[in-house]
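Structural overview for review
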Amino acid sequence: MRITQGQFSFLPDLSDAEIRLQVDYAIGRGWALSVEHTDDPHPRNTYWEMWGLPMFQIQDGAAVVYEINACRKACPGHYIKVNAFDNTRGIESIVMSFIVQRPDDEPGFRLDRQEAAGRQLRYATHAYATERPAGRR
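As a convention, each chain's residues are numbered from 1 in the sequence order in which they are written. Residues qualify for local features only when their pLDDT is at least 70, as the model is predicted, and side-chain atom pairs are given and counted only at 80 or more; totals for whole chains, interfaces and linings, by contrast, use all residues. Side-chain calculation: all heavy atoms of the structure are included, whereas hydrogens and water are not.

Observations concerning the state of the cysteines
Two cysteine sulfur atoms make up a disulfide if the distance between them is within 2.5 Å. With the rule as written, the count across this model stands at zero disulfides. Here cysteine 71 stays free of any disulfide, with the sulfur of cysteine 75 as its closest cysteine sulfur at 4.5 Å.

Concerning the pattern of salt bridges
We define a salt bridge as a contact between a side-chain nitrogen of Lys or Arg and a carboxyl oxygen of Asp or Glu at a distance within 4 Å. Following the criterion strictly, the structure yields five salt bridges and no others. A salt bridge links aspartate 24 to arginine 20, with the nearest nitrogen and oxygen atoms 3.1 Å apart. Taken as a pair, aspartate 24 and arginine 20 lie in helix α1 (residues 16-28) at a separation of four residues, close to a single helical turn. When accessible area is computed with a 1.4 Å probe and restricted to protein chains, residues below 20% of their type maximum are described as buried, those above 50% as exposed, and intermediate ones as partly exposed. Residue classification places aspartate 24 among the partly exposed residues on the basis of a relative accessible area of 32%. Close ionic contact of glutamate 36 with lysine 81 constitutes a salt bridge, the shortest N to O distance being 3.9 Å. Of this pair, glutamate 36 sits in strand β1 (residues 32-38) while lysine 81 sits in strand β3 (residues 79-86), and the two are 45 residues apart along the sequence. Note on accessibility: glutamate 36 and lysine 81 belong to one class, buried. Sharing partners across several salt bridges, the network here consists of Arg20, Asp24 and Asp60. Counting from the N terminus, the helices are DSSP H or I runs at least four residues long and the strands are E runs at least two residues long.

Some remarks on empty space enclosed by the protein
The gaps left among the atoms become clear once a water-sized probe is rolled over them. Grid points spaced at 1 Å over the protein atoms alone were grouped into cavities, where a 1.4 Å probe fits but cannot get out, and pockets, open sets with protein on both sides within 12 Å along at least five of seven lines, with lining residues defined by an atom within 4 Å of a point. Grid points are joined across faces, edges and corners, and a volume is the space filled by probe spheres set on the points. Under the counting rule described, the total for this entry stands at one cavity of 30 Å³ or more. Roughly 60 Å³ of volume is contained in the largest cavity. Every residue along the wall of the largest cavity is listed here: Arg2, Gln7, Phe8, Ser9, Leu11, Pro12, Asp13, Leu14, Phe98, Ile99 and Arg102. Here the lining of the largest cavity is composed, by residue class, of six nonpolar, two polar and three charged. Side-chain classes are defined by residue name, with Ala, Val, Leu, Ile, Met, Phe, Trp, Tyr, Cys and Pro counting as nonpolar, Asp, Glu, Lys and Arg as charged, and the others, Gly among them, as polar.

Overview of the packing of aromatic side chains
Each aromatic ring pair is specified by the distance between its two centres and by the angle formed by the two planes. Ring pairs are drawn from Phe, Tyr and Trp, using the six-membered ring of Trp, whenever the two centres fall within 6.5 Å, and their geometry is named by plane angle: stacked under 30 degrees, edge-to-face over 60, tilted for the rest. One pass over the full model with this rule turns up two aromatic pairs. Between the aromatic rings of tyrosine 25 and tryptophan 31, the centroid separation amounts to 5.8 Å while the plane-to-plane angle is 80°, which identifies the pairing as edge-to-face.

Quick look at the sheet that holds β3
At least two bridges found by DSSP between two strands is the condition for calling them paired. With antiparallel pairing, the four strands of this open sheet are ordered in space as β2-β1-β3-β4. Both outer strands of the open sheet, β2 (49-55) and β4 (93-101), are each paired with one neighbouring strand and no more. Here the strands of the sheet are splayed against their neighbours by 20° on average, with no regard to which way each runs. Note: β3 against β4, seven bridges, orientation antiparallel. Here, axes are lines fitted to C-alpha atoms. For helices the fit covers the stretch in contact, and angles between N-to-C directions go from 0 to 180 degrees.

Structural data, given as C-alpha cells:
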C-alpha cells in the first residue's frame, strides 16, 4: 500500500532532478524549507522528526538537496518529506509538502470496525508499522 500524503503522492517517486525543480520553485516564491522524516506515516501523525533546522532565506536549492541526501543516508528506512512554509502573513503556513523517500517495504494500514451503542459504527485506522518498536519499523 502506497502512502498518499502531500503533493505528488499519486505519481511515481520524484527523481533528484525533479525534487530540485520543486525546491527551486519554492525558493523562487520566497518560502522557507524544511526536511522531516518518520517511520510511522499514520495520517494523524502530523509531527514528523525535523532534520536540522528550517532553512529560511536560502538562495540555492543545492543546500536543500544536500540536507535531503544527508537525511536519506542517516535514515534509509524512513519516509522523508520536504515542507515549504509561507510566512508572508506573519505565520508559518505549509504551502507545499511532498515525500522524497519511502522505505522499500511500506507496511500499510488496517481499518478496524467497532460496534457502539445504538447500532453506531466506529472506525479506526491501525498502522502496521506500530506493531514493531520504534527504530525497527
